[in-house]
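Structural description and commentary
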Amino acid sequence: MSEYKKRYVVIKSNRDFSYLFKKGESVVTYGFICYVKPRRAGKNRLGIVTGKKVGNAVKRNRARRIIREAFRLTDPIIKEKLTGRYDFVFVARSKTPSLKTGQIMSLIEKSVLPKIMNLG
RNA sequence: GCUGUUCGUUAUAUAAUCGCGUAGUGUGGGAACAUUAUGAGGAAAGUCCGGGCAUCACAGAGCAGGGUAGCUGAUAACAUCAGCCGAGGGCGACCUUAGGGCAAGUGCAACAGAGAUAUACCGCAGCGGCUUUCAGCGGCUGUAAGGGUGGAAAGGCGAGGCAAGAGCUCACCGGAAUUCGGGAGACCGGAUUGCCAUGUAAACCCUAUCCGAUGCAACGCCGAUUGGUACGGGGAAUAAUGUGUCUGCUCGACGCACCCCGUUUAAGGCGGCUGGACUCUUUUGGCGACGAAAGAGCUAGAUAGAUGAUUAUACACGACAGAACCCGGCUUAUCGACGGACAGCAUUU
RNA sequence: UGGGAUAUCGCCAAGCGGUAAGGCAAGGGACUUUGACUCCCUCAUGCGCAGGUUCAAAUCCUGCUAUCCCAA
């Protein structure tokens, strides 16, 4: 699970999550809530939060998979447009399991990317 | 054909592209890459029972505490399952059933009612008395049939009997004791005696029987700085005292206290981890649960947590729902589809 | 993942087999010129849901549902 193999790295520690929730820029859509924060070096990092409110274990798994797949597909686009590296935390909402990956992708492109561009 | 009862099976499929976990093989110094195989359930869920496995004194004793409660069997074990018995429900197939003991002791039974485990209010009778007449008043004695209350009034119901009544006597029914027969047993059937016990143990309790505690975040191994603690070994002491662990208490057991020597905990990683009371097929024993033999097979093992996405086609348009140490059950959720057996009713032959 | 607790009126709650105390809030009335304070009256059709035991269940038993806590 080193950083060479994957295009992105998973955020694990509770400390990183709470840091992003406090200091990161938030983007709210009907599919998810996203927190972004620039990073100095390394790879892009991804964290997904699926709370109890999303549903039972099947729905939480589905939400996680959809977001991960959408991020995987949009990752090259992010790298083309942006030079810097970022931390992302996606929080799933109760609608998320009923959505499709394409919808999440378009949401990321439309809402999240401009926000990051503004950050510089 | 309609209405049911019951037992099973199944749980979208196919193709293409991109992507993920594990294992094998190959290339490579390594990171990694390529390729092949494989990758959630009938309930994986709830965590309600039982067992394996691991550690704690190798698993102690007594009391306390908790579980179970018709019988026989199945099983590693069980509160599970099978067959049977009793009770209840259904025309029936069939279904439901915590189903030991209030005759060891204690408790509780509100309100109502005269009276709640014994009683006598209204009554029903007999005796004698007073007021004196077609009756009334109070007294003594007998009684529990009738009245009303209640969930329950001391067996039920009918006949005899009697002053009136009463298991007072008798027949039938219910229950009890003794006894005979049948059965592996629960229990069933018969005979005799005799006239009798309110309900409640999912109240305390008694009887029989079972249970040590903690749970893979158990447990074992590796592990940097710093600090101090913990662990191991040896010695002294083993009289007393204090204290820790073994379940709550009592006993009992093993330590600790003083000295010397050695090692080391905590982030994290690896093991435990999946080959097992396993799966399938055939034969076979048993009414059945289940067992035996032979052959074949290997079928998830993640660690912020792998099964997804997109497109196309088909139809019944896809429910409930995601392994986390492993098994056996129970309970709960569930769109539907298919099959077997059986019952009742109607019609036809 | 494992272990434990709770659920009673809109809110806080008592109740340990005999038919749901109390306070706050709400509604009505009295007092007052009016308001507040104070006083009186009203307010649970069953105690999270479904079964069972019992003459009788919020209470006892069983199974579910929801919420909360602990270990990490």
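Since this is a predicted model, take the numbers as computed values, not measurements. (Residues numbered from 1 in each chain as written. Chains lettered and ligands numbered in written order. Predicted model: local features only at pLDDT ≥ 70, side-chain atom pairs only at ≥ 80, totals over all residues. Heavy atoms only, no water.)

Before going further, it helps to examine the pattern of salt bridges. Where charged atoms from two side chains of opposite charge come close, those side chains can pair. On inspection of all chains with the given rule, the structure shows one salt bridge. The closest approach of N and O atoms between Glu69 and Arg72, which form a salt bridge, is 2.7 Å. Of this pair, Glu69 and Arg72 both sit in helix 2 (residues 57–81), three residues apart, which is roughly one turn of that helix. Take Glu69: its relative accessible area is 30%, and that puts it in the partly exposed class. Judged by relative accessible area, which is 37%, Arg72 ranks as partly exposed. (Salt bridge = Lys/Arg side-chain N within 4 Å of Asp/Glu carboxyl O. Helix = DSSP H or I, 4+ residues; strand = E, 2+ residues; numbered from the N terminus. Buried < 20%, exposed > 50% of the residue type's maximum accessible area, 1.4 Å probe, protein only.)

Turning our attention to the pairing of strand 3 (residues 32–39). In this structure, strand 2 (residues 25–28) lies alongside strand 3, joined through four bridges in antiparallel fashion. Each bridged residue has a counterpart across the sheet, and for Val28 the counterpart in strand 3 is Ile33. What sits between the antiparallel neighbours strand 2 and strand 3 is a turn of three residues. As paired elements, strand 3 and strand 5 (residues 85–92) share eight bridges and run antiparallel to each other. When the sheet's bridge partners are listed, Val36 is paired in strand 5 with Phe88. (Pairing = 2+ DSSP bridges.)

Quick look at the packing of aromatic side chains now. Following the criterion strictly, the structure yields five aromatic pairs and no others. When the ring of Tyr86 is compared with that of Phe88, the centres are 6.4 Å apart and the planes differ by 55°; the resulting orientation is tilted. With respect to burial, Tyr86 and Phe88 carry one shared label: buried. Ring centres 6.3 Å apart and planes at 15° place the aromatic pair Phe88 and Phe90 in the stacked group. In this pair, the class of Phe88 matches that of Phe90, namely buried. Among the aromatic residues, ring-to-ring pairing joins Phe32, Phe71, Tyr86, Phe88 and Phe90 into one connected group. (Phe/Tyr/Trp six-rings, centres within 6.5 Å; stacked < 30°, edge-to-face > 60°.)

Structurally, the position occupied by Glu80 is in helix 2. The spacing of Glu80 and Leu107 is 27 residues in sequence and 18 Å in space, taken between C-alpha atoms.

Summing up the model confidence of chain A, the mean pLDDT is 76 and the portion of residues at 70 or higher is 87%. Put simply, strand 1 (residues 8–10) is where chain A has its lowest mean pLDDT, 71, and strand 2 is where it has its highest, 84. Across residues 1–6 the pLDDT falls below 50, and counting only partners more than four positions away or on other chains, this stretch makes four contacts in the model. Predicted complex, confidence summary: ipTM 0.75, pTM 0.74. (pLDDT = per-residue confidence, 0-100. Contact = heavy atoms within 4.5 Å.)

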